[in-house]
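Residue-level structural notes
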Amino acid sequence: MTNYLLSTSTDTNQKLGTIHDPDTKLKVKVIDLLKSKFRPKKGEITFFVTDGNKKLAFETQGYQKHRKLLILQMVAWYCMYLGLLEAKIHSNLPMLKIA
């Protein structure tokens, strides 16, 4: 698996950081859905991750027809970085189950 660069934000309420691919210059922003509101931007690619109590959104910044496989690899790399070994990646935000 390729290594990516990770920059963190000083504003922890808005996002957890940004993943950078040094080869393609693609950036993917990471947002904690439990701590902040998220509204997808038009023209960007978005994925969601769920793992227990964690709910994260991943959104490209400056998407320029990069392969979706590259974006998924970046998301998977970040999940491994966080230790989310049972993370599920979704293309749409999954509905919450009500008991």
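Digging into the pairing of strand β3 (residues 27-32)
Regular strands show a simple pattern: their side chains alternate between the two faces of the sheet. When you tally the buried positions in β3, you get 5 out of 6 residues, the bulk of the element. Where β3 meets strand β5 (residues 54-61), 6 bridges bridge the pair, whose relative direction is antiparallel. For V28, the partnering residue across the bridge sits in β5 and is T60.

Focus on the sheet that holds strand β1 (residues 5-7)
The antiparallel open sheet is built from 6 strands, whose spatial order is β1-β2-β3-β5-β4-β6. In the strand order of this sheet, the two ends are held by β1 and β6 (88-90), each with one partner. This sheet shows a mean twist of 25 degrees between the axes of neighbouring strands, independent of strand direction. Along the sheet face, helix α1 (residues 68-82) touches β1, β2 (17-20), β3, β4 (46-51), β5 and β6 and points at about 140 degrees away from the line of β5.

With respect to the environment of D21
Turning to its location among the elements, D21 is positioned in the loop between β2 and β3. When its relative accessible area of 5% is taken as the criterion, D21 is described as buried. Along the backbone, D21 and T2 are 19 residues apart, and their C-alpha atoms lie at a distance of 9.0 Å. Not counting residues within four places of it along the chain, the set of residues in contact with D21 comprises Y4, L26, L70 and M74.

Digging into the side chain of T46
Assignment of secondary structure puts T46 in strand β4. Its relative accessible area of 14% is what places T46 among the buried residues.

Topic: the nonpolar core
I19, V28, F58, I71, M74 and Y78 are the most contacted members of the largest nonpolar core, which has 19 residues in total. At the level of secondary structure, the elements contributing two or more residues to this core comprise β3, β4, β5 and α1. Per-element tally for this core: the top contributor is α1, with 7 residues. Not counting residues up to four positions away in its chain, the partners in contact with I71 are L26, V28, I45, F47, T60 and Y63.

What to know about the environment of T24
Within the secondary structure layout, T24 lies in the loop between β2 and β3. Taking the C-alpha atoms as reference points, T24 and H66, 42 residues apart in sequence, are found 8.3 Å from one another. Sequence-distant contacts of T24, defined by excluding residues within four places in its chain, comprise H66 and L70. At a separation of 2.6 Å, a polar atom in the side chain of T24 contacts the side chain of D21.

Side note on the pairing of β5
As defined by bridge partners, β4 adjoins β5 across 6 bridges and the pair is classed as antiparallel. Each residue of the ladder has a partner; that of T50, found in β5, is K55. Where β4 hands over to β5, the hairpin turn is made up of 2 residues, of which G52 adopts a positive phi near 60 degrees.

Conventions we followed
Residues numbered from 1 in each chain as written. Predicted model: local features only at pLDDT ≥ 70, side-chain atom pairs only at ≥ 80, totals over all residues. Heavy atoms only, no water. Buried < 20%, exposed > 50% of the residue type's maximum accessible area, 1.4 Å probe, protein only. Helix = DSSP H or I, 4+ residues; strand = E, 2+ residues; numbered from the N terminus. Pairing = 2+ DSSP bridges. Axes fitted to C-alpha atoms, helices over the stretch in contact; angles between N-to-C directions. Contact = heavy atoms within 4.5 Å. Core = buried A, V, L, I, M, F, W, Y, C linked by side-chain atoms within 4.5 Å. Polar contact = N/O pair within 3.5 Å; in protein donor to acceptor, adjacent residues only side chain to side chain.

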